[in-house]
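If you want the building blocks of each chain, they are given just below.
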Amino acid sequence: MAVIYRTTMSPTKVELLAAWLPGKPWYVAGSGAPELTRTGGFRLDDPRGEVGMEFMVVTDTSGGRPVSYHLPLTYRDAPLEAAEQGLIGTSEHGVLGTRWVYDGTHDPVLVAQLIALFQGRAVPQAQNESDTPDPTVVPHVTGAGFPGGGPAAPMAVTDGADGTDVTVGTSPAATLRVVRALVPDEEGSGPRPTGTLGHLTAPWHPQDGTEYRGTFAVLTAAPSH
């Protein structure tokens, strides 16, 4: 199980994200620099205990209305080969030293564990407590032909206005859409892409104290060619 350290990071995660977010096509520009607050999330464990994984929610209040973003992150003790496009930055951790922080959609360990969560082979963990499952994070399997096994490299990662699509070489092949700008949908029952196999719902808590719930990821069958 991942250990949550009560320590510092310099720069902080929020500082790294504030510099990185404006360059993404799914970012909703505010009236100035992002004004971010952490408002939710959860973790998954790396079975090998090497890569930290966090599915963070931050809320940006720089615009006319707050926007909450889902940001899967991985933390590594060395650069990830051939993943320069996914690097958010580096930070000095008070216990672990230099950490390379990646957009998790580019990290095969995170993608594999997210697929495992859909398959019932991984257990979501509390964001801020060690060895504590988080039952509020719920995968829903809604379609037949669900992929087996973990994703095979390479992965194709595409950022668009609606989120990030990761095409993974499972059997059969599938596309994992990571929702970025979160939309409250208590039952996760909103419109789904054609060929949806499952979706993942979780809560977040913006600054007004209200708990919202919505879809964080959708798994679909990849189109045949």
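Residues numbered from 1 in each chain as written. Predicted model: local features only at pLDDT ≥ 70, side-chain atom pairs only at ≥ 80, totals over all residues. Heavy atoms only, no water.

S.K.: If you had to explain the sheet that holds strand 7 (residues 125-126) to someone new, which residues and values would you point to?
M.R.: One open sheet accounts for seven strands, arranged 1-5-6-4-3-2-7; its pairing is antiparallel. Two strands close off the open sheet at either side, each with one partner strand: strand 1 (9-10) and strand 7. Two strands pair when backbone bridges link them, and strand 2 (residues 36-44) and strand 3 (residues 52-60) are joined in this way by eight bridges, in the antiparallel orientation. Of the residues in strand 3, the one forming a bridge with Leu36 is Asp60. Lying over the sheet, helix 2 (residues 108-118) contacts strand 2, strand 3 and strand 4 (67-76), oriented at roughly 85° with respect to strand 3. (Pairing = 2+ DSSP bridges. Helix = DSSP H or I, 4+ residues; strand = E, 2+ residues; numbered from the N terminus. Contact = heavy atoms within 4.5 Å. Axes fitted to C-alpha atoms, helices over the stretch in contact; angles between N-to-C directions.)

S.K.: Describe the side chain of His70, with residues and values.
M.R.: Tracing the sequence through the fold places His70 in strand 4. The buried category is assigned to His70, whose relative accessible area is 1%. Among the polar contacts listed, one links the side chain of His70 to the backbone oxygen of Val179, at a separation of 3.0 Å. In contact with His70, other than residues within four places in its own chain, are Phe55, Met56, Val178, Val179, Arg180, Leu182 and Phe216. (Buried < 20%, exposed > 50% of the residue type's maximum accessible area, 1.4 Å probe, protein only. Polar contact = N/O pair within 3.5 Å; in protein donor to acceptor, adjacent residues only side chain to side chain.)

S.K.: If you had to explain a nonpolar patch on the surface to someone new, which residues and values would you point to?
M.R.: A cluster of nonpolar side chains, namely Val3, Tyr5, Val95 and Leu96, defines an oily patch on the protein surface of about 340 Å² accessible area. Positionally, Val95 belongs in the loop between strand 5 (87-93) and strand 6 (97-103). (Patch = residues over 30% accessible without salt bridge, like charges linked within 9 Å, V, L, I, M, F, W, Y side chains within 5 Å. Areas by Shrake-Rupley, 256 points an atom, 1.4 Å probe, with all protein chains shown as cover. Salt bridge = Lys/Arg side-chain N within 4 Å of Asp/Glu carboxyl O.)

S.K.: Account for the sheet that holds strand 11 (residues 174-178), with residues named and values stated.
M.R.: With antiparallel pairing, the six strands of this open sheet are ordered in space as 8-12-13-11-10-9. At either margin of the open sheet sits one strand with a lone partner, and together these are strand 8 (138-141) and strand 9 (156-160). Shown here is a sheet whose adjacent strand axes are inclined to one another by a mean of 20°, direction ignored. Pairing of strand 11 with strand 13 (residues 212-221) involves five bridges; the strand directions are antiparallel. Paired with Leu176 across the two strands is Leu219, which belongs to strand 13. Along the sheet face, helix 2 touches strand 8, strand 10 (163-168), strand 11, strand 12 (196-204) and strand 13 and points at about 100° away from the line of strand 12.

S.K.: Talk me through unusual backbone geometry; I want residue IDs and the actual numbers.
M.R.: For the peptide bond that leads from Ser10 to Pro11, omega is -5°, which places it in the cis range. Take Pro11: it is sitting in the loop between strand 1 and helix 1 (13-20). With phi around 60°, Ala82 is a residue other than glycine that occupies positive phi space. Checked against the element boundaries, Ala82 lands in the loop between strand 4 and strand 5. Overall, Ala82 belongs to the exposed group, its relative accessible area being 69%. Despite not being glycine, Asp131 has its phi angle at roughly 50°, a positive value. Following the sequence through the fold, Asp131 ends up in the loop between strand 7 and strand 8.

S.K.: Give me the environment of Asp46: which residues, what numbers.
M.R.: Its location among the elements puts Asp46 in the loop between strand 2 and strand 3. Sequence-wise, Asp46 and Glu211 are 165 residues apart; in three dimensions their C-alpha atoms are separated by 28 Å. Residue contacts for Asp46: discarding those within four places in its chain leaves Val51, Met53 and Val109. Among the polar contacts listed, one links the side chain of Asp46 to the backbone nitrogen of Glu50, at a separation of 3.0 Å.

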